[in-house]
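# Close look at the chain arrangement
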Amino acid sequence: MPWVGGVLRGERLGAGRTPGGVAGPGRSAGWARVCRAPRVSLWVVWGTQTSASPPSPLSRRCQLGGCGILGVGIWLAATQGNFATLSSSFPSLSAANLLIVTGTFVMAIGFVGCIGAIKENKCLLLTFFVLLLLVFLLEATITILFFAYTDKIDRYAQRDLKKGLHLYGTPGNVGLTNAWSIIQTDFRCCGVSNYTDWFEVYNATRVPDSCCLEFSDSCGLHAPGTWWKAPCYETVKMWLQENLLAVGIFGLCTALVQILGLTFAMTMYCQVVKADTYCA
């Protein structure tokens with residue numbers, strides 16, 4: 001007989017067990033099944049306690065993970081609101097906004113899976129499977145396209161970042177200004193491809209003070225020998241490549257969890273269908 005969510009389905013009435021789950025006179029206690037309308041699901045009764053299919057640990061972890069990501073995104077938006085995107089083409093593409101959107105979506109998918117497992121609802125289980133499959137395919141497609149068009153992405157990113165330099169220090173772009181200042185200070189670099197990128201912004205031989213080897217007011221007006229020479233784009237890119245193993249492990253773990261979630265959802269869906277057919 002098939003098992004669903006740790007609950008035996010389709011078990012015939014044990015010796016001495018009535019459909020109500022009460023042992024008859026002179027008979028031992030055992031397992032019983034009860035087909036309930038209108039959902040026509042099977043429950044397993046032991047003694048006086050009834051056990052329903054528990055929610056999947058994967059769906060619960062998916063929901064908790066979504067809550068965590070959403071919480072981090074809200075925290076970033078509240079405490080680090082001035083740190084925004086470097087892109088002039090996608091001003092809303094900040095770390096906080098990405099985490100909030102991702103966390104909300106993941107939490108919603110986990111909620112659907114959790115409720116579907118608790119209620120043993122075929123529609124919710126199938127919805128959970130389809131949504132998780134779409135996310136998995138979207139991630140795989142983005143990864144393949146990224147590696148296939150790395151050179152074009154590099155050129156577009158550098159061009160877009162250089163356009164964003166012209167917004168540095170302008171009203172309403174505090175986030176972009178702070179982002180460039182933090183990156184140039186932490187990575188000890190200057191400009192996108194060279195410190196001369198700033199010359200076009202200021203129309204003069206000048207860079208932001210965050211490019212200086214030793215920070216001081218108006219140090220960006222000094223001689224080029226007092227500025228960082230490394231290009232920020234290549235410096236950040238090298239840093240990402242050095243941490244590629246950690247990124248790869250995180251991606252593989254995420255894919256494994258999604259595959260397990262897909263397996264769980266489809267397995268439980270098929271067994272609920274079989275159980276409903278048995279009761280019908």
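Conventions we followed
Residues numbered from 1 in each chain as written. Predicted model: local features only at pLDDT ≥ 70, side-chain atom pairs only at ≥ 80, totals over all residues. Heavy atoms only, no water. Helix = DSSP H or I, 4+ residues; strand = E, 2+ residues; numbered from the N terminus. Buried < 20%, exposed > 50% of the residue type's maximum accessible area, 1.4 Å probe, protein only. Contact = heavy atoms within 4.5 Å. Areas by Shrake-Rupley, 256 points an atom, 1.4 Å probe, with all protein chains shown as cover. Phe/Tyr/Trp six-rings, centres within 6.5 Å; stacked < 30°, edge-to-face > 60°.

Let us look at the overall build of the protein. Within the protein, the regular secondary structure consists of 8 helices and 5 strands. Reading the helices (α) and strands (β) of the protein from amino to carboxyl end gives β-β-β-β-β-α-α-α-α-α-α-α-α. Across the 280 residues of the protein, 30% fall into the buried class. Put simply, 58% of the contacts in the protein that link residues at least 6 apart link residues at least 24 apart. With the model as given, the accessible surface of the protein reaches about 16700 Å², and the carbon-plus-sulfur share is 67%.

Phi angles above zero are rare outside glycine, and Arg188 is one such case at about 55°. Tracing the sequence through the fold places Arg188 in the loop between helix 5 (174-186) and helix 6 (197-202). Phi at Ser218 is positive, roughly 60°, even though this residue is not glycine.

Attention shifts here to the packing of aromatic side chains. Tallying each qualifying case throughout the model produces 9 aromatic pairs. Ring centres of Tyr195 and Phe199 lie 5.9 Å apart, and the angle between their planes is 75°; on these two criteria the pair is classed as edge-to-face. Residue class for Tyr195 comes out buried when judged on its relative accessible area of 17%. The class of Phe199 is partly exposed, set by a relative accessible area of 22%. With a centroid separation of 6.2 Å and 35° between ring planes, the pair formed by Trp198 and Tyr202 is classed as tilted. Of this pair, Trp198 and Tyr202 both sit in helix 6, 4 residues apart, roughly one helical turn. Accessibility expressed as a relative area gives 26% for Tyr202, which makes it partly exposed. Here the aromatic cluster, defined as three or more aromatic residues joined through ring pairs, consists of Tyr168, Trp180, Trp198 and Tyr202.

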